[in-house]
Amino acid sequence: MSKFNLKELGLKDSTAREFESLYKDKYLGRVVCEQKNCYRVVTESGIINAKVSGKIMYDACSREDYPAVGDWVAVDRDEDLQGDAIIHGILKRYSKFSRKVAGVKNDEQIIAVNIDIAFITMSLNSNFNLRRLERYISTAWESGAKPVVVLTKADLCEDVEEKLSEVLDIAIGVDVLAVSSLTNEGIDKLKQYITKGKTAAFIGSSGVGKSTLINKLLGDERLKVGEVRQGDEKGKHTTTYRELILIPNGGVVIDTPGMRELHIMDISEGVENSFKDIEELALNCKFKNCTHNAEPGCAVKKAIQDGIISEDRYKNYIKLKKEAEFMAKKEKTKRMRDSKKVKVKKNNCKKGLEELV
Ligand SMILES: Nc1nc2c(ncn2[C@@H]2O[C@H](COP(=O)(O)OP(=O)(O)OP(=O)(O)O)[C@@H](O)[C@H]2O)c(=O)[nH]1
Ligand SMILES: [Mg+2]
Ligand SMILES: [Zn+2]
């Protein structure tokens, strides 16, 4: 008898079809948690421990080639009584929210995959920052998930309406909610997004109340919630790993550890989507290649002068565009390097075979 219904766990028809065509003698499961190369995977029969196959490890060029929380995977068993099950393949991802690892390396860190909604959480007190929000929204658009802004701790804010309108001005085409886990304001609205079969991830800085909100949705205190520092109200990084949680009578949510900074990968398309207002204005510039600096007939500069868009928003747009372009170049070089690596691996295999014959 099945314990879990995979559709309720977010399984889409396309993924189910892909699995059936590729893996005849395997079981389908979803990664709920990952800790030091050890995965917890939910299948129809229950939750099991699993590891990746040697082939996945051998073929992997980067982090992207390993399973992440939210992934659908093909496992060899649906029980782990005789030891960890083996993950033999990762099904195609329909969305991926990732960032660049902090520091000089350009490695990618995957925050969540196969999510329908990215709840961008920001508190209405000291964590409130429109420029940071633009960065998160751009990344969310790039991820393929629908961004929804969740402004938390409404009970601690005296000018909710004003802040809401500031956010609505910059979050073009994005739903924005103000919520409070203390007074329950906005919680019903939030619940409407998390319906059966949908997957939503809570993403944002530490201490904004992501785990508290998920506990609200669960109706119990399952997730650990932490204090915030006195003074700047920064969180203490209470959640330390990503986890996928089934909401009774609802969909699936992913809790994520609070981020210090969101370093971006190549999110060029996401930036274009987030800053549609500026992109559209730029079409009216006199010169096609206008850099919106000092050219005559610049529609963007005029909009700034007329107060239609703020100078800060414009500056952030330029900054994000440059960062994304830089990362695009880096990623291109890496892809070329990886394809060479794959070729070398293939040649080595061939050589190995030839020597055997
Ligand atoms: N006043 C008020 N406090 C809240 C609200 N939501 C959360 N808090 C408090 O904020 C603190 C941090 O909450 P968490 O849920 O741990 O925050 P988090 O975003 O999960 O933080 P990390 O796990 O560190 O990323 C806790 O002390 C909560 O009680 C709210 O709506 N109003
Ligand atoms: Mg947390
Ligand atoms: Zn211009």
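Everything quoted here is computed from the prediction, not taken from an experiment. (Residues numbered from 1 in each chain as written. Chains lettered and ligands numbered in written order. Predicted model: local features only at pLDDT ≥ 70, side-chain atom pairs only at ≥ 80, totals over all residues. Heavy atoms only, no water.)

Caption draft 1: Quick look at empty space enclosed by the protein. Under the definition given, this model contains one cavity of 30 Å³ or more. A volume near 40 Å³ is recorded for the largest cavity. As for the largest cavity, its lining consists of Ile120, Thr121, Met122, Asn127, Arg132, Leu133, Tyr136, Gly204 and Ser205. Among the residues making up the lining of the largest cavity, the classes are represented as four nonpolar, four polar and one charged. (1 Å grid on protein atoms, 1.4 Å probe; cavity = no way out; pocket = protein on both sides within 12 Å on 5 of 7 lines; lining within 4 Å. Points joined across faces, edges and corners; volume = space filled by probe spheres on them. Nonpolar A, V, L, I, M, F, W, Y, C, P; charged D, E, K, R; others polar.)

Caption draft 2: Seen up close, helix H4 (residues 160–170). Those residues of H4 not exposed but buried are Val160, Lys163, Leu164, Val167 and Ile170. With its buried residues spanning 130 degrees around the axis, H4 presents them on a single face. Exposed and oriented more than 90 degrees from the buried face of H4 are Glu161 and Asp169. (Buried < 20%, exposed > 50% of the residue type's maximum accessible area, 1.4 Å probe, protein only. Helix = DSSP H or I, 4+ residues; strand = E, 2+ residues; numbered from the N terminus. Arc of directions from axis to C-beta.)

Caption draft 3: Looking closely at the coordination of the zinc ion (ligand 3). Around the zinc ion (ligand 3), the protein supplies Cys285 (SG), Cys290 (SG), His292 (ND1) and Cys298 (SG) as donor atoms, at distances of 2.1 to 2.4 Å. With four donor atoms in place around the zinc ion (ligand 3) and angles of 104 to 115 degrees between them, the coordination shape is tetrahedral. Written as a sequence motif, the donor residues of the zinc ion (ligand 3) are C-x4-C-x1-H-x5-C. (Donors = N, O, S within 2.8 Å, 3.2 Å for Na, K, Ca; no water. Tetrahedral: all angles 85-135°; square planar, octahedral: opposite > 155°, others 65-115°.)

Caption draft 4: Fine view of the coordination of the magnesium ion (ligand 2). Those protein atoms acting as donors to the magnesium ion (ligand 2) are Ser211 (OG) and Thr239 (OG1), and they sit at 2.0 to 2.1 Å. Of this pair, Ser211 sits in helix H6 (residues 210–218) while Thr239 sits in the loop between H6 and strand E12 (243–246); the two residues are 28 residues apart in sequence, bridging distant segments of the chain. This pair shows no difference in class: Ser211 is buried, exactly as Thr239 is.

Caption draft 5: Looking closely at the site of ligand 1. What surrounds ligand 1 is a group of 23 residues, the closest being Asp155, Ser206, Thr212, Gly226 and Thr239. Take Lys153: an N or O atom from its side chain is 3.0 Å from an oxygen atom of ligand 1. Here an oxygen atom of ligand 1 sits 2.8 Å away from a polar atom, N or O, in the main chain of Gly226. Isolated, ligand 1 exposes 660 Å² of accessible area, and the fraction of that covered by the protein chains is 87%. (Near = heavy atom within 4 Å. Polar contact = N/O pair within 3.5 Å; in protein donor to acceptor, adjacent residues only side chain to side chain. Areas by Shrake-Rupley, 256 points an atom, 1.4 Å probe, with all protein chains shown as cover.)

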